[in-house]
Amino acid sequence: MTTRMEPGGERPAIRFDRVGQVFTSSDGSRVTALEDVSFTLRRHEFVAVIGPSGCGKSTLLRIIAGLVRPTDGQAEIYGLPVTGPREEVGIVFQQPTLLPWLKVRDNITFPMKHKHGRVTAAEKERADQLLEMVGLGDFAHKRPDELSGGMQQRVGIARALLHDPDILLMDEPFSALDALTRDEMSFELLRIWTERPKTVLFITHSIPEALLLADRILVMSARPGRVREIIDVGLARPRSMQTLSEPRFHDIANHIRAQVFRPGALA
Amino acid sequence: MTSPTTSAPRSSAPAPWPERHRRLYGALDRGAPLLAALALLLIWELACRLLAVPSYLLPTPSAIALSAVQVPLDSWLTHTWATLRVSLQGYALAVLIGIPLAVALANSRLLSRTLYPQLVIIQSTPIVAVAPIIVVVLGAGDAPRVVITFLITFFPIVVSTVTGLQATPPAMLELSRSLGASRLRAVRDIQLPFAVPYIFSALRISVTLAIIGAVVAEFVAAENGLGFFIAFSTSFFKVPQAFAALVVLVSLSLALFQLVSLTQRLVFPWSLPKTEK
């Protein structure tokens, strides 16, 4: 597929070893965003992170992305400590974060342009394929503001997939979308993930979304963010609308709700 | 119960106008700004004549037009070019210094902490009061006038560009960092384009300030230029002539303002608000 070395078979894709993150704000006060967070993600596993606002979910993602250095412990990708942004990681943000002056296709190839100063013909072709894959084949030459919110977020996903990253980090990617588009995008993401397996870390506020997508769910507690529980979803794949009505779906959903909303959890 | 009331307005809606009326209305609507301006001129003319206002206090529009024609074209061109030349040089200097300075300020906490207060001090200094000093220091020629124009125009450019650069969505900069791109590339590919709408709103304001700057400078020391011409005309009580020069100045300002807007429309159409596209 690529010339990149295939990662060692047994090594976890992502490993957090007692990671802590303390932010010091400009007035000197210290906020503990994460405390003693440990978990591992197997290669090509889909893991959702769920927890109340301000539990450090985004910080967790930023640490894996190499954008934030943890103040305690260590984060590893394929056994190597994360010291900065890595090639094999793609990020999808909460907002589509497209550049309004670029056409849709140029937005998808923007990472290459931005990093290397040029875009190869092969990359352009790949951008077109990705556009087809996310159902926007006819929109390559439109500007982002001519697209709906859901379409823009698809472009954001296609952009993250351009260099075929082995690890996909998604920070509440569908939270700005309406409920119907959200469901549609979830199934779309599952289809893409089945076609091209990847290790996905998916941050969300939505329990049904996490259940529909993930193999395992990391439930976090409020500030300081700690791992409260890691749940094996165990729902059969491929998942569909029927999955939503399975008894197990509701059992786990209720269980997570009880975890997240248990007394003191929202403090 | 509600159905009769909801259908009532529809049945009482005015019948469509005949084509002829609608076209007349459209023409009136389009011409409204021009008609209003003409009406104002007419009121001005009539008021001056009826109240017998002496022309050295407030000349009538017709007297201004007459005096404009009496000044040789050659003389108009010389003065206009002198003012335009100084304005554009000062403006260009403000853009060339202001935008890179803004990039530096937006990206360095140290620079913004040390330089910004000084910029505010410069902006708070009444440039008109400093102008005579600048003339003494820089002597004859365009130099002092260009510097005065620069000092008046560059602050809005710096402030607005900094605001624009800082308005870049943080996630966009995180994307850049996650790609491992250099700071310089982040500025060029992301921050500056995001600042374009802000930069152009500053460029529009500053281009009219540039004319003001040149005129102020010409009041202090000049041998030609429209500012000099106004000062010269009024000292001889040729008030209609001064008004004529004022009309030229306003036209110049408007033309430059439109030119900047047009440039934005042609080069950066995506940066315009949706309603203006």
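What counts and how
Residues numbered from 1 in each chain as written. Chains lettered and ligands numbered in written order. Predicted model: local features only at pLDDT ≥ 70, side-chain atom pairs only at ≥ 80, totals over all residues. Heavy atoms only, no water. UniProt positions renumbered as here; feature names shortened; annotations may be inferred. Contact = heavy atoms within 4.5 Å. Buried area = accessible area lost by both parts, 1.4 Å probe. Salt bridge = Lys/Arg side-chain N within 4 Å of Asp/Glu carboxyl O. Polar contact = N/O pair within 3.5 Å; in protein donor to acceptor, adjacent residues only side chain to side chain. Helix = DSSP H or I, 4+ residues; strand = E, 2+ residues; numbered from the N terminus. Nonpolar A, V, L, I, M, F, W, Y, C, P; charged D, E, K, R; others polar. Domains from an automatic or database assignment. Buried < 20%, exposed > 50% of the residue type's maximum accessible area, 1.4 Å probe, protein only. Expected span 1.5 Å × (residues − 1). Core = buried A, V, L, I, M, F, W, Y, C linked by side-chain atoms within 4.5 Å. Pairing = 2+ DSSP bridges. Axes fitted to C-alpha atoms, helices over the stretch in contact; angles between N-to-C directions.

As named in an unreviewed UniProt entry, chain B is ABC transporter permease, taken from Alloalcanivorax gelatiniphagus. UniProt, in its Sequence similarities (unreviewed entry) section for chain B, records the words "Belongs to the binding-protein-dependent transport system permease family."

For chain A, the name recorded in an unreviewed UniProt entry is ABC transporter ATP-binding protein, with Alloalcanivorax gelatiniphagus as its organism. UniProt annotates chain A under Sequence similarities (unreviewed entry) with the comment "Belongs to the ABC transporter superfamily."

Chemist: Explain the interface of chain A and chain B residue by residue, including any values.
Modeler: Between chain A and chain B, the contact holds 20 residues from the first and 18 residues from the second. Approximately 1900 Å² of surface area, both sides summed, lies buried where chain A meets chain B, with 66% of it carried by carbon and sulfur atoms. Summed over the three residues of chain A that lose the most area to chain B, namely L67, W101 and H114 of chain A, the buried surface amounts to 36% of that side. Applying the counting rule to chain A against chain B returns one salt bridge. Notably, a salt bridge pairs E174 of chain B with R62 of chain A, separated by 2.7 Å at the nearest N-O pair. One can count five residue pairs in polar contact (both at pLDDT 80 or more) joining chain A with chain B. With six residues, helix α2 (residues 104-116) of chain A is the single largest residue contributor to the side of chain A that touches chain B. Taken together, the residues that form the side of chain A that touches chain B break down as ten nonpolar, four polar and six charged.

Chemist: Please give an account of the domain arrangement of chain A that cites residues and values.
Modeler: Residues and elements named next belong to chain A. According to the domain assignment, chain A contains domain 1 (14-88 + 167-260) and domain 2 (100-164). On a C-alpha basis, the centres of domain 1 and domain 2 stand 25 Å from each other. Contact with domain 1, which involves 15 residues of that partner, is made by 14 residues of domain 2. Here domain 1 meets domain 2 over a buried area of about 1200 Å², counting both sides, of which 58% is carbon and sulfur. Considering only the side of domain 1, the residues that lose the most area to domain 2 are E87, M185 and I192, jointly responsible for 34% of the buried surface there. Inspection of the domain 1/domain 2 interface yields five salt bridges. E87 is the salt-bridge partner of K115, the closest N and O atoms lying 2.8 Å from each other. Mapped onto the side of domain 1 that touches domain 2, the elements with two or more residues apiece are β7 (167-171) and α5 (179-195). For the side of domain 1 that touches domain 2, the leading source of residues is α5, giving seven residues. Along the lines of polarity and charge, the residues of the side of domain 1 that touches domain 2 split into seven nonpolar, one polar and seven charged.

Chemist: Any chance you could break down the pattern of salt bridges for me, citing the residues and the numbers?
Modeler: Per the stated rule, a full pass over the model turns up 25 salt bridges over all chains. We note a salt bridge from E45 of chain A to R216 of chain A, for which the minimum N-O separation is 2.5 Å. Of this pair, E45 of chain A sits in the loop between β2 (30-41) and β3 (46-50) while R216 of chain A is found in strand β9 (residues 216-220), placing the two residues 171 residues apart along the sequence. Each member of the pair, E45 of chain A as well as R216 of chain A, carries the same accessibility label: buried. The salt bridge involving R85 of chain B is made with D142 of chain B; its shortest N-O contact spans 2.8 Å. Residue R85 of chain B is found in helix α4 (residues 73-107), and its partner D142 of chain B is found in the loop between α6 (127-138) and α7 (143-166); the two are separated by 57 residues along the sequence. We classify R85 of chain B as partly exposed; its relative accessible area is 27%. Through salt bridges with shared partners, a single ionic network connects R154, E184, E188, R191 and E195 of chain A.

Chemist: Mind laying out helix α4 (residues 149-161) of chain A, listing which residues take part and the relevant values?
Modeler: With 13 residues, α4 of chain A ought to run about 18 Å at 1.5 Å a step, and its terminal C-alpha atoms sit 19 Å apart, in line with that. What α4 of chain A keeps buried is the set G150, M151, Q152, Q153, R154, V155, G156, I157, A158, R159, A160 and L161 of chain A. Packed against the buried residues of α4 of chain A are β6 (89-92), α2, α3 (121-133), β7 and α5 of chain A together with α8 (170-178) of chain B.

Chemist: Help me get a handle on the nonpolar core, residues and values and all.
Modeler: By size, the foremost hydrophobic cluster in this structure holds 90 residues, and its most contacted members are I14, F16, F39, L60, I91, L169 and L201 of chain A. The element best represented in this core is helix α9 (residues 183-220) of chain B, accounting for 14 residues. Sequence-distant contacts of L60 of chain A, defined by excluding residues within four places in its chain, comprise F16, L34, V37, F39, V49, L201 and M220 of chain A. Of all hydrophobic cores here, the second largest spans 49 residues; its members include F46, I50, M133 and V219 of chain A.

Chemist: Now, about the UniProt feature "domain: ABC transmembrane type-1" (unreviewed entry) in chain B: what can you tell me, with residues and values included?
Modeler: According to UniProt, the feature "domain: ABC transmembrane type-1" (unreviewed entry) maps to residues 80-260 of chain B in the numbering used here. Within residues 80-260 of chain B, the helical portion is 88% and the strand portion 0%, while the C-alpha atoms at the span's ends are 19 Å from each other.

Chemist: Can you break down the sheet that holds β7 of chain A residue by residue, with the values?
Modeler: Residue and element names in this part refer to chain A. Spatially, β6-β7-β8-β3-β9-β10 is the arrangement adopted by the six strands of the open sheet, whose pairing is mixed. This sheet does not close on itself; its edge strands, each paired only once, are β6 and β10 (227-232). Strand-to-strand, the axes of this sheet are offset by a mean angle of 15°, without reference to chain direction. In the sheet, β6 pairs with β7 via four bridges, with the strands oriented parallel. Within β7, the position partnered with G90 by the bridge is L168. Here α5 sits on the sheet and contacts β3, β7 and β8 (199-204); the angle it forms with β8, its principal contact strand, is near 165°.

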